[in-house]
Amino acid sequence: MSVDLRSALFYSRKDIFKNRKVFIIITLSIILATANIIVINGLVDGMIGDLVDNTIQSSVGHLNIYPDDNERFIEGLGIKEQKLAALKDVEAYSPRISATGVLSNKGLSVSSTILALNPDNERKTTKLLEKLVRGTAINSNDKNAILVSSRLAEDLKLDIGDEATLAFETGVVKVYVVKGIVRTGNLDFDGSTVIMPLNEAYRQLGIDNMASIILIKLSDKSMTEIYKPMIMQNLDVNNVKTWKQETEFVSNFANSWRSTSSVISGVGLIAAAISVGIVIYINVIHKKRQIGIMKAMGTNDAFIFTVFLMEAAIFGIIGVFIGDCLGYLSIRYFEANPFLDAISQTWISARFEPQLFYIATIVSFAVTILAGVYPAIKASRVEIIKAIWGT
Amino acid sequence: MEIIKTNNLKKSYMLGKVEVKALNGVDTSIEQGEFVAIMGPSGCGKSTFLNLTGMLDIPTSGEIYIEGNDVTNMNSNKRAEYRLKYIGFIFQFFNLFNELTVMENVMFPMMLNKRPNYKERAKELLDLVGLGDRLNHLPSEISGGQQQRVTIARSLGNDPKILLADEPTGNLDTKSSIEIIELFRKLNREQGQTIVMVTHSPEIGGMADRIIHFRDGTIGN
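What counts as what
Residues numbered from 1 in each chain as written. Chains lettered and ligands numbered in written order. Predicted model: local features only at pLDDT ≥ 70, side-chain atom pairs only at ≥ 80, totals over all residues. Heavy atoms only, no water. Helix = DSSP H or I, 4+ residues; strand = E, 2+ residues; numbered from the N terminus. Rg over C-alpha atoms; globule rule 2.2 N^0.38 Å. Contact = heavy atoms within 4.5 Å. Areas by Shrake-Rupley, 256 points an atom, 1.4 Å probe, with all protein chains shown as cover. Lys, Arg positive; Asp, Glu negative; His and termini not counted. Charge placed at Lys NZ, Arg CZ, Asp CG, Glu CD. Phe/Tyr/Trp six-rings, centres within 6.5 Å; stacked < 30°, edge-to-face > 60°. Buried < 20%, exposed > 50% of the residue type's maximum accessible area, 1.4 Å probe, protein only. Lys NZ or Arg CZ within 6 Å of the ring centre and 35° of its normal. Patch = residues over 30% accessible without salt bridge, like charges linked within 9 Å, V, L, I, M, F, W, Y side chains within 5 Å. Salt bridge = Lys/Arg side-chain N within 4 Å of Asp/Glu carboxyl O. 1 Å grid on protein atoms, 1.4 Å probe; cavity = no way out; pocket = protein on both sides within 12 Å on 5 of 7 lines; lining within 4 Å. Points joined across faces, edges and corners; volume = space filled by probe spheres on them. Nonpolar A, V, L, I, M, F, W, Y, C, P; charged D, E, K, R; others polar. Buried area = accessible area lost by both parts, 1.4 Å probe. Polar contact = N/O pair within 3.5 Å; in protein donor to acceptor, adjacent residues only side chain to side chain. pLDDT = per-residue confidence, 0-100. Pairing = 2+ DSSP bridges.

Peer 1: Where do I start with the overall build of chain A in this structure?
Peer 2: Helix and strand counts for chain A stand at 14 helices and 14 strands. For 391 residues, the compact-globule formula gives about 21 Å, and the C-alpha radius of gyration of chain A, at 32 Å, lies well above that figure. Dimensions of chain A along its principal axes, counting C-alpha atoms only, are 100 × 50 × 30 Å. A separation of at least 24 residues holds for 79% of the contacts in chain A among residues at least 6 apart in sequence. Within the structure as shown, chain A displays about 18200 Å² of accessible surface, and the carbon and sulfur contribution to it stands at 58%. Each charge sign in chain A was given a centre, from 39 positive and 38 negative side chains, and these centres are 12 Å apart.

Below is the structure:
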């Protein structure tokens, strides 16, 4: 005997809408749980996406050459630059020197990272110099100008045009004028970085023709795996990292955030599913006699099971559909209206991935249906005689 | 023609550790178109007999024949199908679906049986039981007697060959009880409906064609 789905749906629909308050409360819990999955994960995706973009745009190239182990600098920079310029898909490159120092102003001092770069090369390779919040960028010939990262400037109460004293690790001390203030969104960078032209760093550190790192920009960042061995061979370097390796910490960070957001979403979803299960279970308990009558009329166990599973499905369809819409609209709102993260002082926006939409739909609906399975089994196993006569 | 026949029908169940013999070898035969009342004291096995002939329960031993077909050992799906197509039930407690209107309550078994024109048929049946003006009322909005009439209309939806009624007037006042029994008589006379009714009341039982007396799980004299 097959199950007449039309009759099952007819009864489920009537039964579920009988108590509108309960229906609204339960549906609302599914709506919020579904929207929660989309919004929280969309915000995490947005935050992580921004972090990766920021890192790639300001701190690393598609490929990055580091000194060999136990070496501080890459030597023979000039020859390496010539070889890089000859490679077909190398769009730009930027050598940088990293050193330590102490920046002081008006009696305040902060240990700083000195980042020396060639502004012309850097502009072609990264967007670091576009991240000025005030002032103007340095150029290659500047001898007395520096850029200061935003939080370092705050800590030392520095503004554009102020003079600050920089003590290099070599013992050299020199006064520089703050030409611009930079904010990248990277907490480490923004906390303690002084940017100066490469030539000026060479002069003060007493070195030449070397770099702490060479950032390489390819015409297509997906070609890094092809170019990495080629560059290692052509430039005779051993320590080359791709942008994926460089942003591995972001992936780890992302995974830990995703785990956290999954737990938060999961708890909401389980709470919604439990409420669906409880409501249907209580309904089954209260309706034992009616279930018995339905069976006496000629319905079989499968029909009764279908009726109560359909109730869960109706909750699921309505709740998940509205939850998807709410989640989608919320994500679009946060995409259009990013909010300022007080810790990193960066704007966080959400990102809508269609995949997220499918996951939220499938997971929410499946969990809601699962919640209805036990009460539906319980209903299908009601014994007619016991149910009708309450024995 | 014999529509219900039982041979040495027995039903026992355990009450704690004690075996209770609800039916102890019932042989009976009911003809098509008969209006039979089953009477007897409480606990004599009247309702158990009705449950077994209505295929709501399985006998411990013995045989049940409906229209000559042995239905004793049918599986639960087959029994459900048989109930849907051949048997109409009326219980003491009206047992309507509270979330459905009067009309929907009557329609529902016909929908289950995929009967065409079930809406028209439901209206006809509600007219027949005198509730043609209460179609869209909920069960809670009509009286007990009216609810029982809806139950009767519902039980007739699939034109069952047998109508089984367990104390159909047990919860009604005298006036409503007489109305219900008159309705049974009308169905029996005009439509040739076979009706098997369990009752305590000699007055109600006396309105049937034949009375079968039960005593201690068997048919008495």
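Peer 1: What is the right way to read the packing of aromatic side chains from this model?
Peer 2: Applying the stated criterion across every chain yields a total of 17 aromatic pairs over all chains. Measuring from ring centre to ring centre gives 5.6 Å for B:Phe89 and B:Phe91, while their planes differ by 5 degrees; the resulting arrangement is stacked. You can call B:Phe91 buried: its relative accessible area is 5%. Chaining the aromatic ring pairs together yields one cluster made of A:Phe10, A:Tyr11, A:Phe303, B:Phe97 and B:Phe108. The ring of A:Trp243 carries A:Lys221 above its face, with NZ or CZ at 4.3 Å from the centroid. The lysine or arginine in question, A:Lys241, covers the ring of A:Tyr66, its NZ or CZ lying 5.2 Å from the ring centre.

Peer 1: For this particular structure, what's the right way to read a nonpolar patch on the surface?
Peer 2: Residues A:Ile270, A:Ile274, A:Ile278 and A:Ile282 make up a contiguous nonpolar surface patch of roughly 360 Å² in combined accessible area. Structurally, A:Ile282 can be placed in helix 10 (residues 248-286).

Peer 1: When you look at the layout of surface pockets in this model, what are you seeing that I'm missing?
Peer 2: Any empty space left between the atoms is revealed when a probe the size of a water molecule rolls over them. Estimated volume of the largest pocket: approximately 1100 Å³. Taken together, 47 residues line the largest pocket, and the ones lying closest to its centre are A:Ile385, A:Lys386, A:Trp389, B:Asn51 and B:Asp57. Elements supplying a minimum of two residues to the lining of the largest pocket: helix 11 (288-297) and helix 14 (384-389) of chain A together with strand 1 (2-15), strand 2 (18-31), helix 1 (46-53) and helix 2 (76-86) of chain B. The class makeup of the residues in the lining of the largest pocket is 16 nonpolar, 16 polar and 15 charged. Here the second largest pocket is characterised by a volume of approximately 840 Å³. Along the wall of the second largest pocket there are 30 residues; nearest its centre are A:Leu51, A:Asn186, A:Leu187, A:Asp188 and A:Phe249. If you list the elements that add at least two residues to the lining of the second largest pocket, you get helix 2 (20-58), strand 3 (90-105), strand 4 (108-117), helix 6 (187-192), strand 11 (213-218), helix 10 and strand 14 (346-348) of chain A. Ranked by residue count, the leading element in the lining of the second largest pocket is helix 2 of chain A, at five residues. Partitioning the lining of the second largest pocket into residue classes produces 14 nonpolar, 11 polar and five charged.

Peer 1: I'm lost on the interface of chain B and chain A in this one. Help?
Peer 2: Frequently, the measure chosen for interface size is the accessible area that the parts lose on association. Each partner contributes to the interface: chain B provides 27 residues, whereas chain A provides 26 residues. Here chain B and chain A share an interface that buries about 2500 Å² over both sides, 66% of which is from carbon and sulfur atoms. Summed over the shared surface of chain B and chain A, the number is three salt bridges. Where B:Glu99 meets A:Lys18, a salt bridge forms, and the shortest distance between an N and an O atom there is 3.9 Å. For the pair chain B and chain A, the interface holds nine residue pairs in polar contact (both at pLDDT 80 or more). The element contributing the most residues to the side of chain B that touches chain A is helix 3 (residues 102-112) of chain B, with six residues. Along the lines of polarity and charge, the residues of the side of chain B that touches chain A split into 15 nonpolar, four polar and eight charged.

Peer 1: Got a minute to help me understand the confidence of the model for chain B in this structure?
Peer 2: Confidence in the prediction for chain B averages 89 pLDDT; 99% of positions are at 70 or higher. Least confident of the elements in chain B is helix 6 (residues 174-191) of chain B, whose mean pLDDT is 85; most confident is helix 3 of chain B, at 94.

Peer 1: Please explain the pairing of strand 1 of chain B as it appears in this structure.
Peer 2: Remark: a regular strand shows side chains that alternate across the two faces of the sheet. Residues and elements named next belong to chain B. Pairing of strand 1 with strand 2 involves 11 bridges; the strand directions are antiparallel. Residue Lys11 lies in a different strand from strand 2, and its bridge partner there is Leu23. Connecting strand 1 to the next strand, strand 2, in antiparallel fashion are two residues, including Gly16 with a positive phi near 70 degrees. Here strand 1 runs beside strand 4 (residues 61-66); their pairing, made up of five bridges, is antiparallel. The residue bridging Thr6 from the neighbouring strand is Ile64, located in strand 4.

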